[in-house]
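For reference, the chains in residue letters:
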Amino acid sequence: MKVKYNIDIFSASRLMVNKRRVPIAMADSATMKRPDVKLVLLGDMNVGKTSLLHRYMARKFTETVSTVGGAFFLKQWGPYNISIWDTAGREQFHGLGSMYCRGAAAIILTYDVTSWQSLVELEERFLSLTDTANEDCIYAIVGNKADLTDPKALEAGSEEGAEPSERRPSVRKQVQREDAMALYGRVLKYKLQDEKSSQPAESMCFETSAKTGYNVDLLFETLFDMVLPSILKKRAENNSHTVDLEDRRDAKRTRSGCCS
Ligand SMILES: Nc1nc2c(ncn2[C@@H]2O[C@H](COP(=O)(O)OP(=O)(O)OP(=O)(O)O)[C@@H](O)[C@H]2O)c(=O)[nH]1
Ligand SMILES: [Mg+2]
């Protein structure tokens, strides 16, 4: 089954509204809320980026198709609007990655706990794409598909009061949390961020399951809270650049009154 996005900028121009030939992107532009801040999911193909986002936004795990280009959701968080960008992990879309990361306040570097190579790829292929992110960008390292290796993550999806599942995780875990934490340290070094003044590795490395929902809300909502200072900073900057036309009219009136 195909995953539908709130707004898919790549297909928007091809979609029609009410059979009139009005592109959705255009139709929505008047009512579309402006994002205050941007969060980006990066990582190799098949690690579960789209599934994580779909689990969080639609509260469901459904079959996905490999992402083409990228797409974003808009999430209202209190009075703020957060855009969450899903990117394609396939090599052929690699060139687009740095464009998606431009101005990002938080980046989720996603790997698959059952694939050591997916962790290696984060460092070798994806880290350099973050050069266009904000200077104070926050990084989370996320090991998805924990349901395949961790009984806690597998049980997270079972109905309350249901019998404990007979199934046991059967796939070998290839990436331990310590490996992810070590990568987090190297990410900070690469970004020239001071380890002491940055978020500690324990709070920035997550193991999740898009399939059962394990730690998915925790991941996104921890990051939303962490980017609030970026939102406030951006809003303050925007306000200081705003010219109040009423003020200017008053000033003109006063001046002309004074001279006449
Ligand atoms: N067991 C398990 N399978 C998962 C999980 N998340 C995703 N999958 C499966 O992994 C495959 C890839 O998931 P996607 O979400 O499409 O992966 P992606 O990272 O978006 O891949 P690209 O769009 O190609 O970059 C699909 O078959 C999913 O059903 C998970 O938490 N547990
Ligand atoms: Mg995808």
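Residues numbered from 1 in each chain as written. Chains lettered and ligands numbered in written order. Predicted model: local features only at pLDDT ≥ 70, side-chain atom pairs only at ≥ 80, totals over all residues. Heavy atoms only, no water.

The chain is annotated in an unreviewed UniProt entry as Ras-related protein Rab-20 from Anguilla anguilla. We quote the UniProt Cofactor (unreviewed entry) comment for the chain here in full: "Mg(2+)". UniProt annotates the chain under Catalytic activity (unreviewed entry) with the comment "GTP + H2O = GDP + phosphate + H(+)". (UniProt positions renumbered as here; feature names shortened; annotations may be inferred.)

Asks: Sorry if this is basic, but what is going on with the site of ligand 1 here?
Replies: Near ligand 1 you find 22 residues, and of these Lys 49, Ser 51, Thr 64, Ser 66 and Asp 147 are the closest. Here an oxygen atom of ligand 1 sits 2.7 Å away from a polar atom, N or O, in the side chain of Lys 49. One of the side-chain N or O atoms of Glu 63 is found 3.5 Å from an oxygen atom in ligand 1. The fraction of the free accessible surface of ligand 1 (660 Å²) that becomes covered by protein chains is 89%. Per element, the largest residue contribution to the shell around ligand 1 is three residues, and it comes from helix α2 (residues 49-58). (Near = heavy atom within 4 Å. Polar contact = N/O pair within 3.5 Å; in protein donor to acceptor, adjacent residues only side chain to side chain. Areas by Shrake-Rupley, 256 points an atom, 1.4 Å probe, with all protein chains shown as cover. Helix = DSSP H or I, 4+ residues; strand = E, 2+ residues; numbered from the N terminus.)

Asks: Is there a simple way to explain the packing of α2 against helix α8 (residues 216-240) in this structure?
Replies: Axis angle and axis distance: for two packed helices, these are the angle between their axes and the distance between the axes, and together they describe the pair. Contact geometry of α2 with α8 gives a least axis separation of 9 Å together with a crossing angle of 85°. With respect to α8, the element α2 is oriented roughly perpendicular. Along its contact with α2, which presents Leu 52, Leu 53, Arg 55 and Tyr 56, the element α8 presents Val 216, Asp 217, Phe 220, Glu 221 and Phe 224. Along the lines of polarity and charge, the residues of the contact of α2 with α8 split into six nonpolar, no polar and three charged. (Axes fitted to C-alpha atoms, helices over the stretch in contact; angles between N-to-C directions. Parallel < 35°, antiparallel > 145°, perpendicular 65-115°, else oblique. Contact = heavy atoms within 4.5 Å. Nonpolar A, V, L, I, M, F, W, Y, C, P; charged D, E, K, R; others polar.)

Asks: Just to check I follow, could you spell out the sheet that holds strand β3 (residues 37-43) for this structure?
Replies: Hydrogen bonds between backbone groups are what pair the strands of a sheet, and the pairing can be parallel or antiparallel. With respect to topology, six strands assemble into an open sheet ordered β4-β5-β3-β6-β7-β8, the strand pairing being mixed. Strands with a single pairing partner mark the edges of an open sheet, and in this sheet they are β4 (70-77) and β8 (205-207). Here the strands of the sheet are splayed against their neighbours by 20° on average, with no regard to which way each runs. Taken together, the seven bridges between strand β6 (residues 106-112) and strand β7 (residues 138-144) define a ladder with parallel strand orientation. Paired with Tyr 111 across the bridge in β7 is Gly 143. (Pairing = 2+ DSSP bridges.)

Asks: What is the right way to look at the coordination of the magnesium ion (ligand 2) in this model?
Replies: Each angle at a metal carrying four tetrahedral donors should ideally be 109.5 degrees, and each at a metal carrying six octahedral donors should ideally be 90 or 180 degrees. Every protein donor of the magnesium ion (ligand 2) is listed here as Thr 50 (OG1) and Thr 67 (OG1), and their distances to the metal cover 2.0 Å. Of this pair, Thr 50 sits in helix α2 while Thr 67 sits in the loop between α2 and β4, placing them 17 residues apart in sequence. In this structure Thr 50 comes out as buried when scored by relative accessible area, which is 10%. (Donors = N, O, S within 2.8 Å, 3.2 Å for Na, K, Ca; no water. Buried < 20%, exposed > 50% of the residue type's maximum accessible area, 1.4 Å probe, protein only.)

Asks: Got a minute to help me understand the nonpolar core in this structure?
Replies: Note that soluble globular proteins tend to have their nonpolar side chains buried in a common cluster. If you look at the biggest cluster of nonpolar residues, it comprises 56 residues, and the most contacted ones within it are Ile 107, Ile 141, Phe 220 and Leu 223. Other than its neighbours up to four places away in sequence, Ile 141 contacts Leu 109, Tyr 111, Ala 180, Leu 183, Tyr 184, Val 187, Met 204, Cys 205 and Phe 206. (Core = buried A, V, L, I, M, F, W, Y, C linked by side-chain atoms within 4.5 Å.)

Asks: How should the packing of helix α4 (residues 116-126) against helix α6 (residues 177-190) be read in this particular structure?
Replies: It is at 11 Å that the axes of α4 and α6 come closest, and there the two elements cross at 5°. Here α6 runs roughly parallel to α4, going by the angle between their axes. Together, Trp 116, Leu 119, Leu 122 and Glu 123 of α4 and Asp 179, Leu 183 and Arg 186 of α6 make up the contact between the two elements. When its residues are assigned to classes, the contact of α4 with α6 shows four nonpolar, no polar and three charged.

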